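Survey of secondary and tertiary structure
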Amino acid sequence: MHDELLTLKNLGKTSAQWLHASGIHTADDLRRLGSVSAYQAVKSRGFNASRVLLYAIEGALRDTNWKELPDTLKSELNQHLNSCHHGNKS
């Protein structure tokens, strides 16, 4: 079976399995959700994903190695993620 997620930069077998288990099966699914929501979907399924997965997904969407993402972008992603977490707790 062809797995479209495995054709994207930064996403390996485990990442793709976690995304599939979270209902994300294609690059279009990832684009529609965005990196933060896709990362949250994986985390909400109980997978022990680190922030590297967040960066990997963002890099995949930008066709860039996650290590090459600017620190300012990583900070923005983390701020967005944190604001979503705080919003869910209130």
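Values in this document were obtained by computation on a predicted structure and should not be read as measured data.

**Digging into the overall build of the protein chain**
Regarding its fold elements, the protein chain presents four helices and zero strands. Of the regular secondary structure in the protein chain, the N- to C-terminal order runs α-α-α-α. Taken over the C-alpha trace, the protein chain has a radius of gyration of 12 Å; the compact-globule value for 90 residues is 12 Å, and the two agree within 12%. Counting over 90 residues, the protein chain shows a buried share of 39%. Across the protein chain, contacts joining residues at least 24 apart in sequence account for 42% of those joining residues at least 6 apart.

**What to know about the pattern of salt bridges**
Tallied over the full model, the rule gives four salt bridges. Note that lysine 9 is salt-bridged to aspartate 63, the shortest N-O span being 3.8 Å. On the criterion of sequence distance, the pair formed by lysine 9 in the segment before helix H1 (13-21) and aspartate 63 in the loop between helix H3 (51-62) and helix H4 (71-89) is long-range, its members being 54 residues apart. Close ionic contact of aspartate 29 with arginine 32 constitutes a salt bridge, the shortest N to O distance being 2.9 Å. Residue aspartate 29 and its partner arginine 32 are located together in helix H2 (residues 27-44), separated by three residues, close to a single helical turn. Residue classification places aspartate 29 among the buried residues on the basis of a relative accessible area of 14%.

Definitions and cut-offs
- Residues numbered from 1 in each chain as written.
- Predicted model: local features only at pLDDT ≥ 70, side-chain atom pairs only at ≥ 80, totals over all residues.
- Heavy atoms only, no water.
- Helix = DSSP H or I, 4+ residues; strand = E, 2+ residues; numbered from the N terminus.
- Rg over C-alpha atoms; globule rule 2.2 N^0.38 Å.
- Buried < 20%, exposed > 50% of the residue type's maximum accessible area, 1.4 Å probe, protein only.
- Contact = heavy atoms within 4.5 Å.
- Salt bridge = Lys/Arg side-chain N within 4 Å of Asp/Glu carboxyl O.

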